[in-house]
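Listed below, chain by chain, are the residues.
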Protein chains: 2
Amino acid sequence: MAKKPKILCVDDEQDILDLLTFNLEKEGYEVCTALNGKKGLEVAKKELPDLIILDVMMPEMDGMETCREIREIPSLRNTVITFLTARNEDYSQIAGFEAGADDFITKPIRQRLLVSKIKALLRRSGPMDKGAEVSIGGIEIDREKYLVTKDGVQIQLPKKEFELLVLLSSAPGRVFTRENILNSIWGNDVIVGDRTIDVHIRKLREKLGDENFKTIKGVGYKFEA
Amino acid sequence: MAKKPKILCVDDEQDILDLLTFNLEKEGYEVCTALNGKKGLEVAKKELPDLIILDVMMPEMDGMETCREIREIPSLRNTVITFLTARNEDYSQIAGFEAGADDFITKPIRQRLLVSKIKALLRRSGPMDKGAEVSIGGIEIDREKYLVTKDGVQIQLPKKEFELLVLLSSAPGRVFTRENILNSIWGNDVIVGDRTIDVHIRKLREKLGDENFKTIKGVGYKFEA
DNA sequence: AAAAAAACTTAACTTTAGGTTAACCTAAAT
DNA sequence: ATTTAGGTTAACCTAAAGTTAAGTTTTTTT
């Protein structure tokens, strides 16, 4: 099974969160929640969800503001964000799109519409990054063929190493924290020792060249050409 | 050789049609065109293309509407549809997916991206059940005759083995997950044990040579020459 | 219609790739 | 100099795939 899409719901009402969680989990999504914008931002950074549902009306940091901040974070730049608003608040919609929203869901939430919108949004974001081949500095990655080519030589990587490479190369130059990596590749619930990542990084360095995998001490790793 | 995929382009600007036709024919596709949604629908019914490129903005019947109508026609239900939009018309994209689009191509059209998207979309849309003969590395597959020839020797494969071979060979080199395989050959709902696939793979290896069927542990299988 | 054969699935068991850990080492930062 | 994060290695362990044979089901033959 392809990894379950992860959805973050941010709302100050626990009721709404419960409703969303219930409906989305039923559809097979992995759901995480936050009770305010600030928490939402934190969770988003940590969990790197595929889609975020943001309530517009929240105390302290409202949806707009949260959205703007999320859009500032490189690792979340391509995450789909949809707002939750009261019906017919046209005005907020305009502002919302300016803040970087991708869609709006109106309250009261109709379960069927919610699910179909979510599906459509995820589908939309899907085809983009499915382009199978990436090529950076002599290294080609073909996700469909599960094959890496370095300077014309094909290399067969084990699953975890491949996934790690795909992750790091998805944003060359960007630092991924250990936490990022664990969440993306292992999932938040799985617990593996600290050294595990190092070992995989080591293998990658061995196979693809030391110079491409940089350590940022105290922060994480990045892939560079 | 598998039959050329047929692509229908619908746009109200002749310039765009010419550009698309030129680029796609160069890649070996068969191209037909229509200057508006209504004509597009007619041509689609007649030609049964494998993929349709629809401009969103057209007078009279726009892309969305055309798309919806196309989806109503049973013989075109599985045709891949991709929209042509001006850059960053996010909102129309959402509506587009709801109308049944599979992907979007943004104007201005970048030739390489266009071609790679088309390729990816056609590949994903699954094995074309039209073109009958495939030949890869000493193995010939004739889907019409249900016949496999290895190094000139005809081999009679049972149904499941044959289907599995056809699936894997439909995209040589590409890894098919167990889930992929189950969905394609057995259908979404049928439940068969995990080991069933292995057994069929084993039979294929036995009959057609071990080396052609690679295991990607934790991922799936692929067929290679 | 019964018997036989072929194909398909399952179950039980073995094998193995590769993922994880633990223990120790090294280098960078304070 | 001390601390701490990361690097390295090899042993260990496990989930996934391979194998085989024994049921089932389906198809063909008589």
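Preceding this section is the structure that the text describes.
The structure presented is a predicted model; accordingly, all values stated were derived computationally and were not measured. (Residues numbered from 1 in each chain as written. Chains lettered and ligands numbered in written order. Predicted model: local features only at pLDDT ≥ 70, side-chain atom pairs only at ≥ 80, totals over all residues.)

K.L.:
Describe the sheet that holds strand β12 (residues 220-223) of chain A, naming the residues involved and giving the relevant values.
P.N.:
All names here are of chain A. The 3 strands are arranged β10-β12-β11 in an open sheet whose pairing can be described as antiparallel. Whereas interior strands pair on both sides, the edge strands pair on one side only; in this sheet they are β10 (175-177) and β11 (213-216). Neighbour-to-neighbour, the strand axes of the sheet open up by a mean angle of 30 degrees, direction not taken into account. Pairing of β11 with β12 involves 4 bridges; the strand directions are antiparallel. Within β12, the residue paired with K214 across the bridge is K222. The strands touched by helix α6 (residues 159-170) are β10 and β12; relative to β12, the strand with the most contacts, the crossing angle is about 75 degrees. (Pairing = 2+ DSSP bridges. Helix = DSSP H or I, 4+ residues; strand = E, 2+ residues; numbered from the N terminus. Axes fitted to C-alpha atoms, helices over the stretch in contact; angles between N-to-C directions. Contact = placed C-beta atoms within 7 Å.)

K.L.:
Let's hear about the protein's contact with DNA strand D: which residues, and what values?
P.N.:
Residues in close proximity to DNA strand D total 17 residues, the closest being D198 and T215 of chain A together with R195, D198 and T215 of chain B. Contributions of two or more residues to the surface near DNA strand D are made by α8 (194-208) of chain A together with α8 (194-208) of chain B. Broken down by class, the residue content of the surface near DNA strand D amounts to 4 nonpolar, 4 polar and 9 charged. (Near = placed C-beta within 6 Å. Nonpolar A, V, L, I, M, F, W, Y, C, P; charged D, E, K, R; others polar.)

K.L.:
Give a detailed account of the packing of α6 of chain A against α8 of chain A, specifying residues and quantitative values.
P.N.:
Residue and element names in this part refer to chain A. The interhelical angle for the contact between α6 and α8, taken along N-to-C directions, is 80 degrees, at an axis separation of 10 Å. It follows that α6 is roughly perpendicular to α8 by the angle criterion. For the pair formed by α6 and α8, the contact residues are K160, E161, L164 and L165 on the first element and H200, K203 and L204 on the second. A breakdown of the residues in the contact of α6 with α8 according to their chemical character gives 3 nonpolar, 1 polar and 3 charged. (Parallel < 35°, antiparallel > 145°, perpendicular 65-115°, else oblique.)

K.L.:
So what's going on with the nonpolar core? Which residues, and what values?
P.N.:
Counting residues in hydrophobic clusters, the biggest one holds 34 residues, and the most contacted among them are V148, L164, L165 and L168 of chain A together with L165 and L168 of chain B. Apart from the residues lying within four places of it in its own chain, the contact partners of L168 of chain A are F176, Y221, K222 and F223 of chain A. Grouped together as the second largest cluster of nonpolar side chains are 29 residues, I7, V10, L17 and I70 of chain B included. (Core = buried A, V, L, I, M, F, W, Y, C linked by C-beta atoms within 7 Å. Buried ≥ 20, exposed ≤ 12 C-beta atoms within 10 Å, placed from the backbone.)

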